[in-house]
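The residues making up each chain are set out below.
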Amino acid sequence: MMAGFFGGGAAAIGILSSGYLADRIARRKGVLWLPILGHILGWVFIVIYFLWPKGLGDDLFFAGIPFAMLFCTLASFFSVWWVSPCLTLLTSIVPGTQRALAISMQTVLITFLGIGVGPMLVGVLSEVFSEVAGVESLRYALLISTSTTLISVFLLFKLKSYQAKQLIKPIQ
(Lines give C-alpha, C1' and ligand atoms only; values in the text may rest on other atoms or scores of the structure.)
Protein backbone atom coordinates (compact mmCIF):
# COMPACT_ATOMS: atom_id res chain seq x y z
CA MET A 1 0.00 0.00 0.00
CA MET A 2 2.82 2.43 0.87
CA ALA A 3 4.62 1.76 -2.41
CA GLY A 4 1.40 2.57 -4.28
CA PHE A 5 0.79 5.75 -2.32
CA PHE A 6 4.33 7.12 -2.42
CA GLY A 7 5.18 5.68 -5.84
CA GLY A 8 1.94 6.79 -7.44
CA GLY A 9 2.20 10.30 -6.04
CA ALA A 10 5.83 10.62 -7.11
CA ALA A 11 5.01 9.29 -10.59
CA ALA A 12 2.26 11.89 -11.01
CA ILE A 13 4.64 14.68 -10.01
CA GLY A 14 7.40 13.16 -12.16
CA ILE A 15 5.28 12.99 -15.29
CA LEU A 16 4.15 16.60 -14.89
CA SER A 17 7.67 17.85 -14.24
CA SER A 18 9.04 15.85 -17.16
CA GLY A 19 6.80 17.74 -19.56
CA TYR A 20 8.10 21.05 -18.27
CA LEU A 21 11.74 19.88 -18.23
CA ALA A 22 11.45 18.30 -21.68
CA ASP A 23 10.36 21.63 -23.17
CA ARG A 24 13.35 23.39 -21.62
CA ILE A 25 15.98 20.72 -22.35
CA ALA A 26 14.78 19.85 -25.88
CA ARG A 27 15.76 23.27 -27.18
CA ARG A 28 19.39 22.76 -26.16
CA LYS A 29 20.11 19.04 -26.13
CA GLY A 30 17.22 17.33 -27.87
CA VAL A 31 14.14 15.65 -26.51
CA LEU A 32 15.73 12.28 -25.71
CA TRP A 33 18.13 13.31 -22.95
CA LEU A 34 15.39 13.49 -20.34
CA PRO A 35 14.06 9.95 -20.94
CA ILE A 36 17.61 8.59 -20.92
CA LEU A 37 18.41 10.35 -17.64
CA GLY A 38 15.07 9.35 -16.13
CA HIS A 39 15.50 5.69 -17.05
CA ILE A 40 19.01 5.56 -15.61
CA LEU A 41 18.11 7.32 -12.36
CA GLY A 42 14.87 5.37 -12.00
CA TRP A 43 16.69 2.09 -12.51
CA VAL A 44 19.43 2.96 -10.01
CA PHE A 45 16.88 3.91 -7.35
CA ILE A 46 14.72 0.82 -7.89
CA VAL A 47 17.80 -1.40 -7.61
CA ILE A 48 18.70 0.34 -4.33
CA TYR A 49 15.10 -0.11 -3.16
CA PHE A 50 15.10 -3.84 -3.91
CA LEU A 51 18.50 -4.40 -2.31
CA TRP A 52 18.00 -2.18 0.74
CA PRO A 53 18.32 -4.25 3.94
CA LYS A 54 15.07 -4.50 5.88
CA GLY A 55 14.95 -2.07 8.78
CA LEU A 56 18.12 -0.18 7.90
CA GLY A 57 17.63 3.53 8.48
CA ASP A 58 14.00 3.18 9.50
CA ASP A 59 14.61 5.34 12.58
CA LEU A 60 15.75 8.19 10.29
CA PHE A 61 12.39 8.49 8.56
CA PHE A 62 8.84 8.94 9.79
CA ALA A 63 7.47 6.40 12.25
CA GLY A 64 6.02 3.38 10.50
CA ILE A 65 7.44 4.25 7.08
CA PRO A 66 10.48 2.20 6.00
CA PHE A 67 13.48 4.26 4.90
CA ALA A 68 13.64 2.18 1.71
CA MET A 69 10.37 3.85 0.67
CA LEU A 70 12.45 6.93 -0.17
CA PHE A 71 14.15 4.96 -2.96
CA CYS A 72 10.83 3.59 -4.22
CA THR A 73 9.52 7.16 -4.36
CA LEU A 74 12.58 8.44 -6.24
CA ALA A 75 12.43 5.50 -8.66
CA SER A 76 8.79 6.26 -9.41
CA PHE A 77 9.51 9.96 -9.89
CA PHE A 78 12.31 9.43 -12.41
CA SER A 79 10.96 6.33 -14.18
CA VAL A 80 8.15 8.25 -15.86
CA TRP A 81 10.36 10.94 -17.34
CA TRP A 82 10.11 9.20 -20.70
CA VAL A 83 6.37 9.69 -21.18
CA SER A 84 6.05 13.34 -22.21
CA PRO A 85 9.22 13.56 -24.34
CA CYS A 86 8.65 10.24 -26.10
CA LEU A 87 5.01 10.97 -26.90
CA THR A 88 6.10 14.35 -28.24
CA LEU A 89 8.80 12.75 -30.37
CA LEU A 90 6.43 10.05 -31.60
CA THR A 91 3.85 12.59 -32.71
CA SER A 92 6.52 14.68 -34.42
CA ILE A 93 7.93 11.85 -36.56
CA VAL A 94 4.68 10.12 -37.50
CA PRO A 95 2.49 11.65 -40.20
CA GLY A 96 -0.59 13.42 -38.84
CA THR A 97 -2.92 10.82 -40.32
CA GLN A 98 -1.19 8.04 -38.34
CA ARG A 99 -0.56 9.68 -34.95
CA ALA A 100 -3.53 8.16 -33.16
CA LEU A 101 -2.60 4.71 -34.45
CA ALA A 102 1.06 5.16 -33.41
CA ILE A 103 0.14 6.25 -29.88
CA SER A 104 -2.40 3.42 -29.62
CA MET A 105 0.20 0.88 -30.72
CA GLN A 106 2.71 2.25 -28.22
CA THR A 107 0.14 2.07 -25.43
CA VAL A 108 -0.87 -1.49 -26.32
CA LEU A 109 2.75 -2.62 -26.46
CA ILE A 110 3.65 -1.01 -23.13
CA THR A 111 0.53 -2.41 -21.49
CA PHE A 112 1.12 -5.89 -22.91
CA LEU A 113 4.73 -5.97 -21.75
CA GLY A 114 4.32 -4.13 -18.46
CA ILE A 115 1.05 -5.56 -17.22
CA GLY A 116 0.89 -8.80 -19.18
CA VAL A 117 4.38 -10.24 -19.58
CA GLY A 118 6.10 -8.43 -16.67
CA PRO A 119 4.23 -9.95 -13.72
CA MET A 120 4.30 -13.39 -15.33
CA LEU A 121 8.06 -13.13 -15.86
CA VAL A 122 8.59 -12.05 -12.24
CA GLY A 123 6.51 -15.00 -11.03
CA VAL A 124 8.40 -17.51 -13.16
CA LEU A 125 11.78 -16.12 -12.11
CA SER A 126 10.73 -16.10 -8.47
CA GLU A 127 9.80 -19.76 -8.70
CA VAL A 128 13.10 -20.59 -10.41
CA PHE A 129 15.08 -18.76 -7.71
CA SER A 130 13.05 -20.11 -4.80
CA GLU A 131 15.24 -23.18 -4.40
CA VAL A 132 18.40 -21.07 -4.21
CA ALA A 133 17.21 -17.81 -2.63
CA GLY A 134 14.26 -19.02 -0.54
CA VAL A 135 12.07 -16.17 0.69
CA GLU A 136 14.32 -13.66 -1.10
CA SER A 137 13.51 -15.13 -4.52
CA LEU A 138 10.94 -12.44 -5.31
CA ARG A 139 13.51 -9.71 -4.62
CA TYR A 140 15.93 -11.17 -7.16
CA ALA A 141 13.20 -11.82 -9.70
CA LEU A 142 12.17 -8.17 -9.47
CA LEU A 143 15.79 -7.07 -9.85
CA ILE A 144 16.22 -9.08 -13.01
CA SER A 145 12.93 -7.88 -14.48
CA THR A 146 13.83 -4.24 -13.87
CA SER A 147 17.04 -4.75 -15.81
CA THR A 148 14.91 -4.57 -18.96
CA THR A 149 15.05 -0.80 -18.38
CA LEU A 150 18.64 -0.96 -19.61
CA ILE A 151 17.32 -2.17 -22.97
CA SER A 152 15.24 1.00 -23.15
CA VAL A 153 18.30 3.10 -22.33
CA PHE A 154 20.23 1.38 -25.10
CA LEU A 155 17.40 1.93 -27.60
CA LEU A 156 17.07 5.59 -26.60
CA PHE A 157 20.80 6.11 -27.16
CA LYS A 158 20.48 4.47 -30.58
CA LEU A 159 17.54 6.74 -31.40
CA LYS A 160 19.55 9.75 -30.19
CA SER A 161 22.37 8.72 -32.53
CA TYR A 162 19.87 8.29 -35.37
CA GLN A 163 18.46 11.72 -34.61
CA ALA A 164 21.95 13.24 -34.58
CA LYS A 165 22.46 12.00 -38.14
CA GLN A 166 19.60 14.35 -39.14
CA LEU A 167 17.29 11.48 -39.99
CA ILE A 168 14.85 12.73 -37.41
CA LYS A 169 14.45 16.47 -37.23
CA PRO A 170 14.96 17.66 -33.62
CA ILE A 171 11.94 19.25 -31.95
CA GLN A 172 12.22 23.04 -31.71
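Summarised in this report is the structure supplied together with it. (Residues numbered from 1 in each chain as written. Predicted model: local features only at pLDDT ≥ 70, side-chain atom pairs only at ≥ 80, totals over all residues. Heavy atoms only, no water.)

1. Considerations on the pattern of salt bridges
- With the rule as written, the count across this model stands at one salt bridge.
- R139 serves as the salt-bridge partner of E136, at 2.6 Å between the closest nitrogen and oxygen.
- In this structure E136 comes out as partly exposed when scored by relative accessible area, which is 30%.
- On the basis of relative accessible area, R139 is assigned to the partly exposed category, the value being 22%. (Salt bridge = Lys/Arg side-chain N within 4 Å of Asp/Glu carboxyl O. Buried < 20%, exposed > 50% of the residue type's maximum accessible area, 1.4 Å probe, protein only.)

2. Let's talk about a nonpolar patch on the surface
- A cluster of nonpolar residues, W33, I40, V44 and F157, forms a patch on the protein surface that exposes about 310 Å² of accessible area.
- If you tally residues by element for the nonpolar patch, the top one is helix α2 (residues 33-51), at three residues.
- Structurally, the position occupied by V44 is in helix α2. (Patch = residues over 30% accessible without salt bridge, like charges linked within 9 Å, V, L, I, M, F, W, Y side chains within 5 Å. Areas by Shrake-Rupley, 256 points an atom, 1.4 Å probe, with all protein chains shown as cover. Helix = DSSP H or I, 4+ residues; strand = E, 2+ residues; numbered from the N terminus.)

3. Quick notes on the environment of H39
- Relative to the helices and strands, H39 is located in helix α2.
- On the basis of relative accessible area, H39 is assigned to the buried category, the value being 13%.
- Each C-alpha atom, one on H39 and one on W82, is 7.4 Å from the other, the two residues being 43 residues apart in sequence.
- In this view, H39 contacts F78, S79, W82, T149, S152, V153 and L156; residues no more than four positions away in its chain are not counted. (Contact = heavy atoms within 4.5 Å.)

4. Focus: the packing of helix α1 (residues 2-29) against helix α3 (residues 69-79)
- Close contact between α1 and α3 brings their axes to 7 Å; oriented N to C, the two are set at 35°. In terms of crossing hand, the pair formed by α1 and α3 is right-handed. Here M2, A3, F6, G7, A10, A11, I13, G14 and S17 of α1 come into contact with α3, specifically with M69, C72, T73, S76 and F77.
- Of the residues assigned to the contact of α1 with α3, the class counts are nine nonpolar, five polar and no charged. (Axes fitted to C-alpha atoms, helices over the stretch in contact; angles between N-to-C directions. Left-handed = near helix turned anticlockwise from the far one by under 90°. Nonpolar A, V, L, I, M, F, W, Y, C, P; charged D, E, K, R; others polar.)

5. Some remarks on a positive patch on the surface
- Together, R24, R27, R28 and K29 make up a positively charged patch on the protein surface.
- With respect to the secondary-structure elements, R24 resides in helix α1. (Lys, Arg positive; Asp, Glu negative; His and termini not counted. Charge placed at Lys NZ, Arg CZ, Asp CG, Glu CD.)

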